Amino acid sequence: MRKFNLFYLIDGGDGLGGADSNLLSVAKRINRGRYNVEIGCLVGGRVAEIFRSNGLPVAVINMKNKWDVVAIVRLARLLKKKEIDILHTSLYPSNTFGRIAAILARTPVSLVWEQNQAQLKRPRHVRVDKILNKFTDAIVAASSAVKHSIVEVEGIGESKIQVVHNCVEPSAFDLSSDAVATAKKLELGLRPEDRALPYVAGLGPRKGHKYFLPAIREVVKVFPDVKFLFVGEGAYREEIERGIERLGIKGNVLLCGFRRDIPAILDIAEFYVHPAIVEAFGVAVLEAMVMGKAVVANRVDGIPEVVVEGETGLLVEPKDPEALAGA
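(A) Summary view of the overall build of the protein. Scanning the protein from N- to C-terminus turns up 13 helices and 13 strands. Relative to its length of 327 residues, the protein is compact, with a C-alpha radius of gyration of 21 Å against a globular reference of 20 Å. Considering the protein as a whole, with its 327 residues, one finds that 51% of them fall into the buried category. Working note: accessible area of the protein is about 15,500 Å², and carbon and sulfur atoms make up 54% of it. Positive and negative side-chain charges of the protein, numbering 44 and 39 respectively, have mean locations separated by a distance of 8 Å.

Quick look at the structure:
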């Protein structure tokens with residue numbers, strides 16, 4: 001029996017998010033006895049390099065913008081040339097352009113990985129998805145919350161959607177020694193006795209930093225030795241910096257930027273805080289739990305599917321700094 005040619009398509013770029021990490025874990029471990037695996041990135045950058053560094057072949061489509069029709073044709077030709085049997089796309093741009101290319105190339109099977117709630121899509125994107133869903137064999141939803149949103153907004157039958165929760169690799173999150181943990185604190189500019197509370201997320205409006213900062217101000221009034229580590233980059237960095245200055249918490253918040261030592265940072269955490277106001281699943285939450293860390297998070301979307309309230313963490317209503325600080 002011949003092996004199937006499986007092509008995963010993702011946006012690419014420089015920001016490594018939960019969808020990228022999840023795809024990396026799956027692509028590395030999928031049965032090579034049944035599948036020939038290749039990764040496609042719409043654009044080059046850090047994401048493509050990370051996939052390559054993990055031994056995966058990567059094709060960069062070099063899409064210039066969302067109107068780059070030539071890139072879609074180029075992708076279709078690539079699918080045809082490589083005789084791809086299954087195209088599995090992830091994230092909205094890839095889901096859209098990949099499915100169009102699959103139609104042009106007459107790729108036998110087209111699958112979509114939905115990582116976000118359908119309510120977040122623009123109306124025109126919903127209209128496009130409703131059309132492309134007719135040419136899609138199955139949709140994989142990252143959580144039940146995502147599945148329900150697709151059914152509600154796009155009117156698609158539940159039988160076409162399968163929930164497969166995102167995953168993390170436990171082997172990448174082995175606990176370190178006390179000496180290594182102390183060294184990591186010193187590297188980050190912390191004292192050994194400082195208590196660290198990290199938040200791993202892009203600096204964007206959906207991640208709730210606007211409501212997190214006032215909560216931090218209340219916490220440090222009682223626990224002045226707590227240091228909050230914001231791990232990630234994004235368009236809201238300057239706004240967050242202004243909020244930190246305005247609230248007088250500059251000495252308690254570290255903007256760590258993009259980092260690849262997430263396990264080591266989670267290892268030094270007292271517990272983990274995830275105040276996102278929109279979260280389809282929450283890979284960072286799962287990563288913290290693999291490290292044995294309790295979680296404080298908002299009760300939104302897919303988070304209750306990950307955190308067992310009262311056992312592995314505390315959940316609060318979103319956009320409530322006082323409740324978040326109390327938890």
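(B) Quick peek at the packing of helix α8 (residues 209–222) against helix α9 (residues 237–247). Running from N to C, α8 and α9 cross one another at 25 degrees; their axes reach a closest spacing of 10 Å. The pairing of α8 with α9 is recorded here as roughly parallel in orientation. Handedness of the crossing formed by α8 with α9: right-handed. Here α8 contributes His 209, Leu 213, Pro 214 and Arg 217 to the contact with α9, which in turn contributes Ile 240, Gly 243, Ile 244 and Leu 247.

(C) Just the sheet that holds strand β4 (residues 86–90), in detail. Judged by pairing direction, the sheet is parallel, and its seven strands sit side by side in the order β3-β2-β1-β4-β5-β6-β7 without closing on themselves. Only two strands of the sheet have a single partner each, and these edge strands are β3 (58–60) and β7 (161–163). Strand-to-strand twist of the sheet, defined as the mean angle between neighbouring strand axes without regard to direction, takes the value 25 degrees. The sheet contacts of helix α1 (residues 18–29) involve β1 (4–12), β2 (35–43), β4 and β5 (109–114), and relative to β1 the element is tilted by about 160 degrees. Seen against the sheet, helix α3 (residues 69–81) touches β1, β3 and β4 and runs at an angle of roughly 160 degrees to β1.

(D) Representation of the sheet that holds strand β9 (residues 226–231) within the structure. The strand order β8-β9-β10 describes an open sheet built from three strands, whose pairing is parallel. The sheet is open, and its two borders are formed by β8 (195–200) and β10 (253–257), each paired with just one other strand. Taken over all neighbouring pairs, the strand axes of this sheet differ in orientation by 25 degrees on average, direction set aside. Two elements, β8 and β9, share six bridges in a ladder whose sense is parallel. Across the sheet, Arg 195 pairs through a bridge with Val 226, a residue of β9. Across the face of the sheet, α8 comes into contact with β8, β9 and β10 while running at roughly 165 degrees to β9.

(E) Examining the pattern of salt bridges more closely. What the rule picks out here adds up to 25 salt bridges. In this structure, Lys 184 engages Asp 261 in a salt bridge whose closest nitrogen and oxygen atoms are separated by 2.8 Å. Here Lys 184 is found in helix α7 (residues 178–187), whereas its partner Asp 261 is found in the loop between β10 and α10 (262–267), with 77 residues between them in sequence. Each of the two residues, Lys 184 as well as Asp 261, counts as buried. The partner of Arg 191 in a salt bridge is Glu 193, with the nearest N and O atoms 3.7 Å apart. When salt bridges with common partners are traced through the structure, they connect Arg 99, Glu 114, Lys 121, Asp 129 and Glu 154 into a single cluster.

(F) A look at the pairing of β9. Counting buried positions along β9 yields six of six residues, so the element is predominantly enclosed. Pairing between β9 and β10: four bridges, direction parallel. By the bridge assignment for β10, Val 231 is matched with Gly 257. One crossover worth recording links β9 to the parallel β10 by way of α9, and it is right-handed.

(G) Quick peek at the layout of surface pockets. Each pocket or cavity is described by its volume, and for the second largest pocket that value is around 400 Å³. Lys 66, Tyr 92, Thr 96, Phe 97 and His 125 are, among the 15 residues lining the second largest pocket, the residues nearest its centre. Elements with a minimum of two residues in the lining of the second largest pocket: α4 (92–105) and α5 (123–132). Tallying contributions element by element places α4 first for the lining of the second largest pocket, with five residues.

(H) Up close: α8. With 14 residues, α8 extends 20 Å from end C-alpha to end C-alpha; this agrees with the ideal 20 Å at 1.5 Å per step. All buried positions along α8 are accounted for by His 209, Phe 212, Leu 213, Ala 215, Ile 216, Val 219 and Val 220. In this structure, the buried residues of α8 make contact with β8, β9, α9, β10, β11 (272–274) and α13 (321–326).

(I) Expanded view of the environment of Arg 34. Considering the arrangement of structural elements, one finds Arg 34 in the loop between α1 and β2. The partly exposed category is assigned to Arg 34, whose relative accessible area is 41%. Each C-alpha atom of the pair Arg 34 and Arg 191 lies 51 Å from the other, and the pair is 157 residues apart in sequence. Leave out the neighbours within four places in its chain, and Arg 34 touches Lys 3 and Phe 4.

Thresholds applied
- Residues numbered from 1 in each chain as written.
- Predicted model: local features only at pLDDT ≥ 70, side-chain atom pairs only at ≥ 80, totals over all residues.
- Heavy atoms only, no water.
- Helix = DSSP H or I, 4+ residues; strand = E, 2+ residues; numbered from the N terminus.
- Rg over C-alpha atoms; globule rule 2.2 N^0.38 Å.
- Buried < 20%, exposed > 50% of the residue type's maximum accessible area, 1.4 Å probe, protein only.
- Areas by Shrake-Rupley, 256 points an atom, 1.4 Å probe, with all protein chains shown as cover.
- Lys, Arg positive; Asp, Glu negative; His and termini not counted.
- Charge placed at Lys NZ, Arg CZ, Asp CG, Glu CD.
- Axes fitted to C-alpha atoms, helices over the stretch in contact; angles between N-to-C directions.
- Parallel < 35°, antiparallel > 145°, perpendicular 65-115°, else oblique.
- Left-handed = near helix turned anticlockwise from the far one by under 90°.
- Contact = heavy atoms within 4.5 Å.
- Pairing = 2+ DSSP bridges.
- Salt bridge = Lys/Arg side-chain N within 4 Å of Asp/Glu carboxyl O.
- Right-handed = clockwise from strand over helix to strand, strands pointing away.
- 1 Å grid on protein atoms, 1.4 Å probe; cavity = no way out; pocket = protein on both sides within 12 Å on 5 of 7 lines; lining within 4 Å.
- Points joined across faces, edges and corners; volume = space filled by probe spheres on them.
- Expected span 1.5 Å × (residues − 1).

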